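Listed here are the chains, written in short residue letters.
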Amino acid sequence: MAQKKRPAIKGQGASVFFHRDSPESEPEPVEEEERVMVTIYLPPRVAKRLDAEWLDRKKEDRKAQKSHVVTEALETYFKSLDE
């Protein structure tokens, strides 16, 4: 008869000894909209500005992405067209 594998304890530290009965609570993943890849060509000055804005955001939030900066800019632009 095969032995039952023990649960992995890597990264749990001392908490593995104190909370055996309760399931480990994991943060719920943030659900994002589906995204598609689009290739665009930008003038160098616009690309540099995009990089600068992205790096500024990256200092505050290490998960910041250029895609988020571009999405916000395009949504703002599209709203201005609708007004």
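Residues numbered from 1 in each chain as written. Predicted model: local features only at pLDDT ≥ 70, side-chain atom pairs only at ≥ 80, totals over all residues. Heavy atoms only, no water.

Caption draft 1: Spotlight on the overall build of the chain. For the chain, the helix and strand inventory stands at 3 helices and 0 strands. Counting only residues that meet the buried cut, the chain has 5% of its 83 residues in that class. When the accessible area of the chain is evaluated, it comes to approximately 9000 Å², of which 55% is carbon and sulfur surface. (Helix = DSSP H or I, 4+ residues; strand = E, 2+ residues; numbered from the N terminus. Buried < 20%, exposed > 50% of the residue type's maximum accessible area, 1.4 Å probe, protein only. Areas by Shrake-Rupley, 256 points an atom, 1.4 Å probe, with all protein chains shown as cover.)

Caption draft 2: How the structure looks around the pattern of salt bridges. This model, assessed by the stated rule, comprises 4 salt bridges. The salt bridge partner of Asp51 is Lys66, with a shortest N-O separation of 2.5 Å. With a gap of 15 residues between them, Asp51 in helix α2 (residues 44-60) and Lys66 in helix α3 (residues 66-82) connect regions that are remote in the sequence. You can call Asp51 partly exposed: its relative accessible area is 30%. Here Asp56 ties to Lys59 by a salt bridge, and the two come within 3.9 Å at their closest N and O atoms. Of the two residues, Asp56 and Lys59 both sit in helix α2, 3 residues apart, roughly one turn of that helix. Beyond isolated ion pairs, a larger network of salt bridges with shared partners links Glu53, Arg57 and Glu72. (Salt bridge = Lys/Arg side-chain N within 4 Å of Asp/Glu carboxyl O.)

Caption draft 3: The arrangement of a nonpolar patch on the surface in detail. A surface patch of nonpolar side chains, amounting to about 450 Å² of accessible area, comprises Val36, Val38, Ile40, Leu42 and Val46. As for its position among the elements, Val36 is in the loop between α1 (15-18) and α2. A relative accessible area of 68% means that Val36 is categorised as exposed. (Patch = residues over 30% accessible without salt bridge, like charges linked within 9 Å, V, L, I, M, F, W, Y side chains within 5 Å.)

Caption draft 4: Local environment of the packing of α2 against α3. The contact between α2 and α3 brings their axes to 9 Å, and the two run at 115°. Regarding the angle of α2 to α3, the classification is roughly perpendicular. For the pair α2 and α3, the crossing hand works out as right-handed. Residue-level contacts link Leu50, Asp51, Glu53, Trp54 and Arg57 of α2 to Lys66, His68, Val69, Val70 and Glu72 of α3. Class assignment for the residues of the contact of α2 with α3 results in 4 nonpolar, 1 polar and 5 charged. (Axes fitted to C-alpha atoms, helices over the stretch in contact; angles between N-to-C directions. Parallel < 35°, antiparallel > 145°, perpendicular 65-115°, else oblique. Left-handed = near helix turned anticlockwise from the far one by under 90°. Contact = heavy atoms within 4.5 Å. Nonpolar A, V, L, I, M, F, W, Y, C, P; charged D, E, K, R; others polar.)

Caption draft 5: Layout of the confidence of the model for the chain. Residues at a pLDDT of 70 or more form 67% of the chain, whose mean pLDDT is 81. Looking at the elements of the chain, mean pLDDT is at its lowest for α1, recorded as 58, and at its highest for α2, recorded as 95. (pLDDT = per-residue confidence, 0-100.)

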